[in-house]
Amino acid sequence: MPSVSATTQSSPKPLSLLVLGQGNDPHSERGVECPGDLPAPSDPGLVARARAAKEALGDKVFARGHHYQRNEVIEFADVTGDSFKLAKEAAARPDAPRIVFCGVHFMAESADILTNDEQTVVLPDLAAGCSMADMAALHRVEDCWDDLVEAGVADVTVPVTYMNSSAAIKAFTGRHGGTICTSSNAGTALTRAFDEKGGVESEGKVLFLPDQHLGRNTRARDLGRDLDDCVVWDPHQPMGGLTPQQIRDARMILWRGHCSVHGRFSVDAVETARREIPGVRVIVHPECRNEVVSIADEVGSTEKIIKTVAAAPPGTKWVVGTELNLVQRLGQMFPEQEISFPEKNVCYCSTMNRIDLPHLVWALESLVEGRPVNPIVVDPEVAHWAKVALDQMLALPGETSKD
């Protein structure tokens, strides 16, 4: 399969139905073509094949697994973590010519941006994307900026973009003097953005992409500010669905995006857990809705959730509001604690789960044969400006490596 470039299209085409395994769309960010030679999921020798391939590759391959991956994939990861930690780990291994990224597309892009030109980043399944990242298409973000220019506020607006975004959106952020953030340092990033435009009491604004919930929660929790001056920009409506006066009055312009997993957690689920589990503590990710975050006992990034549960004494009861693979893994890691999931419906990250053992085995065995599949190659111009925005984040004080 040819490499995938993060170049952008000047005239996006309408979305069309693509049947998995039956071609790809050259105008989309990534294809969905399946080569048809994946090992069967029922193959009882998959684990042995994965071990043999990794052993044959030795130091030539470095496999990273995001916390939300299936256990069958995590078993073969050399390091686990959140998205930015994994990208940094890749950059810290310049002697490994092949990086197998068991995560989603935007994470592999960040790894390609931060690694050297001699390293190849491989994504076992190109259809492993992120619905949140896909909610901020470059042409719509550029249209938004044009509208801000027309409204006369672009010169006092700084884009702050969550790590969970495409390389193209990171590059947009870099070109417009903004910064990337993680869920751990979003407060610091917002403070820096407002300071650039005169401070939190000034007329400066932040365009926060692509997760409205993280932006809203950070504004309220980290900055201690009222949410009355936050507006939501709907990219499918003229002028974001806002009036010129609403745009001028706003301090936070929140892109209408969300995480399909964390957005499902509800106040009712939290209240039910508290009724049914006496003494339970609730910890949730800041991508959850504000009304859920407001009533949780703890709020934090994926890494903070893991560390908080790990540090809790035996017998502690937790309801953990994040992706189900990780919650189940926490229950296995800390059996002395009672760990529960807040929703009755299964809540896996469906795109993250596309990286399964058959795809991983296929990617590893292809590397053994000397033919990397699904290499992620970010256009050099896009990579340059995306790295400008990433470097702005790295220059922020405090934690920058957790999402």
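Residues numbered from 1 in each chain as written. Predicted model: local features only at pLDDT ≥ 70, side-chain atom pairs only at ≥ 80, totals over all residues. Heavy atoms only, no water.

Trainee: Even after reading the chapter, I still don't get the overall build of the chain, so can you show me in this structure?
Mentor: Secondary structure assignment for the chain yields 16 helices and 15 strands. With 403 residues in all, the chain has 56% of them scored as buried. A fraction of 68% describes how many contacts in the chain between residues 6 or more apart in sequence connect residues 24 or more apart. Accessible area for the chain stands at about 16,800 Å²; split by element, carbon and sulfur atoms hold 49% of it. (Helix = DSSP H or I, 4+ residues; strand = E, 2+ residues; numbered from the N terminus. Buried < 20%, exposed > 50% of the residue type's maximum accessible area, 1.4 Å probe, protein only. Contact = heavy atoms within 4.5 Å. Areas by Shrake-Rupley, 256 points an atom, 1.4 Å probe, with all protein chains shown as cover.)

Trainee: How should I be thinking about the pattern of salt bridges in this particular structure?
Mentor: Between side chains of opposite charge, a pair can form when the charged atoms approach closely. This model, assessed by the stated rule, comprises 13 salt bridges. Among the ionic pairs, Glu75 bridges to Arg51, the shortest N-O distance being 3.1 Å. Of this pair, Glu75 sits in the loop between α2 (71-74) and β3 (79-81) while Arg51 sits in helix α1 (residues 46-57); the two residues are 24 residues apart in sequence, bridging distant segments of the chain. Looking at Glu75, the relative accessible area reads 45%, which means it is partly exposed. Here Arg354 and Asp125 are joined by a salt bridge, their closest N and O atoms 3.2 Å apart. You can see Arg354 sitting in the loop between β14 (338-340) and α15 (357-368) and its partner Asp125 sitting in the loop between β5 (120-122) and α5 (131-134), a full 229 residues away along the chain. (Salt bridge = Lys/Arg side-chain N within 4 Å of Asp/Glu carboxyl O.)

Trainee: Explain the packing of α1 against α15 here, please?
Mentor: Packed helices, taken two at a time, are described by their axes: the angle between them and the distance between them. Running from N to C, α1 and α15 point in directions that differ by 30 degrees, and their axes come no closer than 9 Å. In this structure, α1 meets α15 at a crossing whose hand is left-handed. Residues Leu46, Val47, Arg49, Ala50, Ala53, Lys54, Ala56 and Leu57 of α1 lie in contact with α15, whose contacting residues are Leu357, Pro358, Val361, Leu364, Glu365, Leu367 and Val368. The class makeup of the residues in the contact of α1 with α15 is 12 nonpolar, no polar and three charged. (Axes fitted to C-alpha atoms, helices over the stretch in contact; angles between N-to-C directions. Left-handed = near helix turned anticlockwise from the far one by under 90°. Nonpolar A, V, L, I, M, F, W, Y, C, P; charged D, E, K, R; others polar.)

Trainee: I'm lost on the sheet that holds strand β7 (residues 179-181) in this one. Help?
Mentor: Two modes of strand pairing occur in sheets, parallel and antiparallel, and in both the strands are linked by backbone hydrogen bonds. What the five strands build is an open sheet, ordered β7-β6-β8-β10-β9; its pairing is parallel. Edge positions in the sheet fall to β7 and β9 (230-233), since each has one partner strand and no second. Neighbour to neighbour, the strand axes of the sheet diverge by 25 degrees on average, direction disregarded. Pairing geometry for strand β6 (residues 157-162) and strand β8 (residues 205-209), over five bridges, is parallel. Directly across from Thr157, in β8, lies its bridge partner Lys205. Of the strands in this sheet, β6, β7 and β8 are in contact with helix α7 (residues 167-175), which crosses β6 at around 150 degrees. (Pairing = 2+ DSSP bridges.)

Trainee: Help me understand the nonpolar core, please; the structure alone is not making it clear to me.
Mentor: Where a protein is soluble and globular, its nonpolar side chains tend to be buried together. In terms of nonpolar packing, the biggest core is built from 105 residues, with Phe208 and Leu330 touching the most fellow members. The leading source of residues in this core is α15, at seven residues. In contact with Phe208, not counting residues within four places along its chain, are Val160, Cys181, Leu190, Leu214, Gly215, Met252, Ile253, Leu254 and Trp255. Listed in part, the 22 residues of the second largest apolar core include Cys144, Trp145, Trp233 and Trp255. (Core = buried A, V, L, I, M, F, W, Y, C linked by side-chain atoms within 4.5 Å.)

Trainee: Could you clarify how one ought to interpret the pairing of strand β11 (residues 281-284) in this entry?
Mentor: On a regular strand, each side chain points to the face opposite its neighbour's, so the side chains alternate between the two faces of the sheet. Sheet analysis places β11 next to strand β13 (residues 317-321), joined by four bridges and oriented parallel. In the strand pairing of β13, Val282 is matched with Val319. Pairing analysis gives two bridges linking β11 to strand β12 (residues 298-299), with the strands arranged parallel. When the bridges of β12 are listed, Val284 appears paired with Val299. Each parallel crossover has a hand, and the one from β11 via helix α12 (residues 290-295) to β12 is right-handed. (Right-handed = clockwise from strand over helix to strand, strands pointing away.)

Trainee: Got a minute to help me understand the environment of Glu55 in this structure?
Mentor: Of note, Glu55 is situated in helix α1. Separated by 313 residues in the primary sequence, Glu55 and Val368 have C-alpha atoms spaced 9.8 Å apart.

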